[in-house]
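Structural overview for review
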Amino acid sequence: MRLSRIIMALTVGLAVVAVPTAAGAAQPQPAPSATTDPPQPPPYTPANPSLTVNRPTIFIGETVILTGTGFGPNETVDIVVTVAPFAAPAGGQAPAHRSDGSTVAMAPVAYQASAPLNFTVETNAQGGFTKHYKPSVTGLLTFTATGRESGRTASTELRVLHKKQPLPVTGDSIGTPMKLGGGLVGAGAVMLLLTLAWRRRQRLGGAAH
């Protein structure tokens, strides 16, 4: 009789302990928190497109660096170069002076050899690019860049001058070398006459002996 009561008590106790456990297992589990998701990158917001050169004025044969920003990410950008001759002496290039004091403009001759006036570049993920460019023409060059997908456009200008020339010669600077040269010629003539006279004297002296 005592054994049966002990078994019954153990059975009731196990049943009481099992009820809360089963109830907890039956409850729905909470959904995973949204904060555990990886952060998403911010949407791409392009800035105003721009195109610049590292030097606004160069001499023919030198190289510049074109820098573009604000275009579409990873897109093809078309660059068109237009050339216009200078209408007046460019900055840093002084006009030549005539001997009468008047001046003449040293207008460079544009369009020497054919250079790439149409080319493309690829932007990076931020919509920027850099490109080395070596003009083979003189004049005022205008670069216009247009993104194929974004349609964004920007432009910049570059002055290309002839190679550095010697300082212009003025009337005064011409007169000084001419005067100096004339003096040297006169001194040479005097020395020649003295030499001839000395030789003649030597010959006459020898004949007398």
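Residues numbered from 1 in each chain as written. Predicted model: local features only at pLDDT ≥ 70, side-chain atom pairs only at ≥ 80, totals over all residues. Heavy atoms only, no water.

Before going further, it helps to spend a moment on the confidence of the model for the protein chain. Averaged over all residues, the pLDDT of the protein chain equals 75, while 54% of them reach at least 70. Confidence over residues 102-113 falls short of pLDDT 50; this stretch has 32 contacts with residues more than four positions distant or in other chains. (pLDDT = per-residue confidence, 0-100. Contact = heavy atoms within 4.5 Å.)

Read from one edge of the open sheet, five strands run β2-β10-β9-β4-β7, paired in mixed fashion. Each end of this open sheet is capped by a strand with a single partner; those strands are β2 (57-59) and β7 (118-122). When the angles between neighbouring strand axes are averaged without regard to direction, this sheet yields 30°. Looking at chain direction, strand β4 (residues 76-84) and strand β9 (residues 139-147) are connected through eight bridges and run antiparallel. Directly across from D78, in β9, lies its bridge partner T146. (Pairing = 2+ DSSP bridges. Helix = DSSP H or I, 4+ residues; strand = E, 2+ residues; numbered from the N terminus. Axes fitted to C-alpha atoms, helices over the stretch in contact; angles between N-to-C directions.)

Where β4 lies against β7, five bridges are found, and the strand directions are antiparallel. The residue of β7 that forms the bridge with V77 is V121.

Our next topic: the packing of aromatic side chains. Evaluated as defined, the whole model comprises three aromatic pairs. Where F71 meets F129, the ring centres are 5.8 Å apart and the plane angle is 50°; that geometry is what we call tilted. Residue F71 is found in the loop between β3 (64-69) and β4, and its partner F129 is found in strand β8 (residues 129-133); the two are separated by 58 residues along the sequence. Residue F71 shares its accessibility class with F129, and that shared class is buried. Consider the rings of F119 and Y133, whose centres lie 5.4 Å apart with planes at 20°: the pair is stacked. Here Y133 lies in strand β8 and F119 lies in strand β7, a separation of 14 residues in the sequence. For Y133, a relative accessible area of 4% puts it in the buried group. (Phe/Tyr/Trp six-rings, centres within 6.5 Å; stacked < 30°, edge-to-face > 60°. Buried < 20%, exposed > 50% of the residue type's maximum accessible area, 1.4 Å probe, protein only.)

Next up on the list: the environment of L117. Inspection of the secondary structure puts L117 in the loop between β6 (103-104) and β7. Judged by relative accessible area, L117 falls into the partly exposed class, the value being 31%. Separated by 38 residues in the primary sequence, L117 and I79 have C-alpha atoms spaced 7.9 Å apart. Beyond its immediate stretch of four places on either side in the chain, L117 contacts I79, V80, V81, V83 and Y133.

When the charged atoms of two side chains lie near each other, side chains of opposite charge can form a pair. In the structure shown here, the tally under the stated rule is two salt bridges. Between E62 and R55 there is a salt bridge, and its shortest N-O distance comes to 3.0 Å. Put simply, D78 and R148 hold a salt bridge, and the shortest N to O gap is 2.9 Å. Of the two residues, D78 sits in strand β4 while R148 sits in the loop between β9 and β10 (153-161), which places them 70 residues apart along the sequence. Its relative accessible area of 53% is what places R148 among the exposed residues. (Salt bridge = Lys/Arg side-chain N within 4 Å of Asp/Glu carboxyl O.)

Quick look at the sheet that holds β3 now. Here three strands make up an open sheet; going across it, the order is β1-β3-β8 and the pairing antiparallel. One side of each edge strand has no neighbouring strand; the edge strands of this open sheet are β1 (50-53) and β8. Within this sheet the neighbouring strands show an average axis-to-axis angle of 20°, counted without direction. Two strands pair when backbone bridges link them, and β3 and β8 are joined in this way by five bridges, in the antiparallel orientation. When the sheet's bridge partners are listed, L66 is paired in β8 with K131.

Right, let's talk about the environment of N74 for a bit. Inspection of the secondary structure puts N74 in the loop between β3 and β4. Residues N74 and V121, 47 residues apart in the sequence, show an inter-C-alpha distance of 9.9 Å. Among the polar contacts made by the side chain of N74, one reaches the main-chain amide nitrogen of A125 at a distance of 3.4 Å. (Polar contact = N/O pair within 3.5 Å; in protein donor to acceptor, adjacent residues only side chain to side chain.)

Let us look at the side chain of T76. Turning to its location among the elements, T76 is positioned in strand β4. Side chain to side chain, T76 and E122 meet in a polar contact 2.7 Å long. When near neighbours in sequence (up to four residues on either side) are disregarded, T76 contacts T120, V121, E122, T146, G147, R148 and E149.

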